[in-house]
Amino acid sequence: MQKTGIVPPLRLCFFMWLVFTIEFYLDVDLGYLGIYPREITGLVGVVMAPLLHGNFNHLASNTIPLLVLGGSLFFFFPAIATRVFLQAYFFTNVLVWIFGRPFYHIGASGLIYALASFLVFFGLFKQNFKSVIISAIVIFLYGGMAYGLLSFDERISWESHLMGAVVGLSTAYLMRRK
């Protein structure tokens, strides 16, 4: 399989920025397309939530980690990257829809937590040199993300962070022999 590196996460970031630009120039808020837990209409958010961001800072703070973590996944583990990325994207959002608080959950942070968690735990489960080094680098660069699991800010979807971390961990465990 060909190494695609940064291309898939770059595409997602392009769409995140495109949606934000459309919202900005048309002066519309598409937040209602986010995940609204346990409501049928909130299921559209399973697909749309990572593309939606509340403001420029929210979008910018999701872009760099998505490029770094997603690029690392696709560059170092190309044989499993697409499957891991799609599971991180969809399973995280489905779990937020099931377990989240009743408000609109938007942003790509759940996906980012899933990717970071996968890269850390995959190295620990796989225990080969490359995977362990990648785990160590992710912990060094993004270890502070653990504090996001304990956020008490009502505007932050800690559920997305937690569900992403759980999906990343479980995906790493299930893929450890791949």
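Note that the structure is a prediction, hence the values are computed from the model and not measured.

1. Regarding helix H7 (residues 158-175)
- The end-to-end C-alpha distance of H7 is 25 Å, a good match for the 26 Å that 18 residues give at a rise of 1.5 Å each.
- Along H7, the positions that sit buried rather than exposed are Glu-159, Ser-160, His-161, Met-163, Gly-164, Ala-165, Val-167, Gly-168, Thr-171, Ala-172 and Met-175.

2. Some words on the packing of helix H1 (residues 7-26) against helix H3 (residues 56-76)
- Remark: H1 packs on H3, axes separated minimally by 8 Å, with the N-to-C direction vectors making an angle of 165°. Judged on the interaxial angle alone, H3 and H1 are roughly antiparallel. Relative to H3, the crossing made by H1 is right-handed. From H1, Pro-8, Pro-9, Leu-10, Leu-12, Cys-13, Met-16, Trp-17 and Phe-20 reach across to H3, where they touch Phe-56, Leu-59, Ala-60, Asn-62, Thr-63, Leu-66, Leu-67, Gly-70, Gly-71 and Phe-74.

3. With respect to the pattern of salt bridges
- Applying the stated criterion to the full structure yields one salt bridge.
- When the shortest N-O distance is used, the salt bridge between Arg-101 and Glu-159 registers 2.5 Å. Of the two residues, Arg-101 sits in the loop between helix H4 (78-99) and helix H5 (109-126) while Glu-159 sits in helix H7, which places them 58 residues apart along the sequence.
- Residue classification places Glu-159 among the buried positions, given a relative accessible area of 3%.

4. Looking at the nonpolar core
- If you look at the biggest cluster of nonpolar residues, it comprises 39 residues, and the most contacted ones within it are Leu-66, Leu-73 and Phe-118.
- Only H1, H3, H4, H5, helix H6 (129-142) and H7 provide two or more residues apiece to this core.
- In terms of residues, this core owes the most to one element, H5, which gives 10 residues.
- Other than its neighbours up to four places away in sequence, Leu-73 contacts Pro-78, Ala-81, Val-84, Phe-85, Leu-115, Phe-118 and Leu-119.
- In terms of nonpolar packing, the next biggest core, distinct from the first, is built from six residues, Ile-35, Ala-49, Val-96 and Met-163 among them.

5. Comments concerning the environment of Val-167
- Assignment of secondary structure puts Val-167 in helix H7.
- Residue classification places Val-167 among the buried residues on the basis of a relative accessible area of 4%.
- Along the sequence, Val-167 and Leu-95 sit 72 residues apart, while their C-alpha atoms lie 8.9 Å from each other.
- Apart from the residues lying within four places of it in its own chain, the contact partners of Val-167 are Gln-87, Ala-88, Phe-91, Thr-92 and Leu-95.

How each quantity is defined
- Residues numbered from 1 in each chain as written.
- Predicted model: local features only at pLDDT ≥ 70, side-chain atom pairs only at ≥ 80, totals over all residues.
- Heavy atoms only, no water.
- Helix = DSSP H or I, 4+ residues; strand = E, 2+ residues; numbered from the N terminus.
- Expected span 1.5 Å × (residues − 1).
- Buried < 20%, exposed > 50% of the residue type's maximum accessible area, 1.4 Å probe, protein only.
- Axes fitted to C-alpha atoms, helices over the stretch in contact; angles between N-to-C directions.
- Parallel < 35°, antiparallel > 145°, perpendicular 65-115°, else oblique.
- Left-handed = near helix turned anticlockwise from the far one by under 90°.
- Contact = heavy atoms within 4.5 Å.
- Salt bridge = Lys/Arg side-chain N within 4 Å of Asp/Glu carboxyl O.
- Core = buried A, V, L, I, M, F, W, Y, C linked by side-chain atoms within 4.5 Å.

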